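Coordinate inspection notes
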Amino acid sequence: MKTSVLRWLLDPLTSLFALYLRARERGLMSYDVAWRLARVIRRPDELVYRSHGHLPENPEDTAS
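Residues numbered from 1 in each chain as written. Predicted model: local features only at pLDDT ≥ 70, side-chain atom pairs only at ≥ 80, totals over all residues. Heavy atoms only, no water.

**Comments concerning the overall build of the protein**
Helices and strands together make up the secondary structure of the protein, namely 4 helices and 0 strands. The helix and strand sequence of the protein, counted from the amino end, reads α-α-α-α. Relative to its full complement of 64 residues, the protein shows a buried share of 23%. Taking contacts inside the protein between residues at least 6 apart in sequence as the whole, the part at least 24 apart equals 26%. Carbon and sulfur atoms make up 59% of the accessible area of the protein, which totals about 5200 Å². (Helix = DSSP H or I, 4+ residues; strand = E, 2+ residues; numbered from the N terminus. Buried < 20%, exposed > 50% of the residue type's maximum accessible area, 1.4 Å probe, protein only. Contact = heavy atoms within 4.5 Å. Areas by Shrake-Rupley, 256 points an atom, 1.4 Å probe, with all protein chains shown as cover.)

This is the structure we're talking about:
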């Protein structure tokens, strides 16, 4: 299942807010970034997760 579909099923209000934020930026912001921003605005306690998907993977972590 795609992440965007899962997000719509689990939290439709955040998904709608993300669409609003993306429209306000005239599509310059990706849906993923808009969704994370919307999530942090609606749930400030999740701020630590905001940058999770924006950081490149650490190759040292995958090499074992």
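Now that the structure has been shown, the text picks up again.
**Regarding the side chain of arginine 39**
Tracing the backbone through its elements, the reader meets arginine 39 in helix 3 (residues 31-42). For arginine 39, a relative accessible area of 17% gives the class buried. Excluding residues that lie within four positions of it along the chain, arginine 39 makes contacts with Asp11, Thr14 and Glu46.

**Some points on the nonpolar core**
Residues Ala18, Leu21, Met29, Tyr31, Ala34, Trp35, Leu37 and Ala38 constitute the largest nonpolar core, which totals 8 residues. Ignoring anything within four residues of it in the chain, the contact list for alanine 18 reads Tyr31, Ala34, Trp35 and Ala38. (Core = buried A, V, L, I, M, F, W, Y, C linked by side-chain atoms within 4.5 Å.)

**Quick word on helix 2 (residues 12-24)**
Over its 13 residues, helix 2 extends 18 Å from the first C-alpha to the last, a length consistent with the 18 Å expected when each residue adds 1.5 Å. Within helix 2, burial applies to Thr14, Ser15, Ala18 and Leu21. Buried residues of helix 2 fall within an arc of 120° about the axis and therefore sit on the same side. In this structure, helix 2 carries Leu13 and Ala23 as exposed residues pointing more than 90 degrees from its buried face. Where the residues of helix 2 are buried, they touch helix 1 (3-10) and helix 3. (Expected span 1.5 Å × (residues − 1). Arc of directions from axis to C-beta.)

**As for the packing of aromatic side chains**
With the rule as written, the count across this model stands at 1 aromatic pair. Ring geometry for phenylalanine 17 and tyrosine 20: centres 6.1 Å apart, planes at 10°, overall stacked. Pair noted here: phenylalanine 17 and tyrosine 20 are both in helix 2, with a separation of 3 residues, about one helical turn. Accessibility expressed as a relative area gives 25% for phenylalanine 17, which makes it partly exposed. Judged by its relative accessible area of 48%, tyrosine 20 falls in the partly exposed class. (Phe/Tyr/Trp six-rings, centres within 6.5 Å; stacked < 30°, edge-to-face > 60°.)

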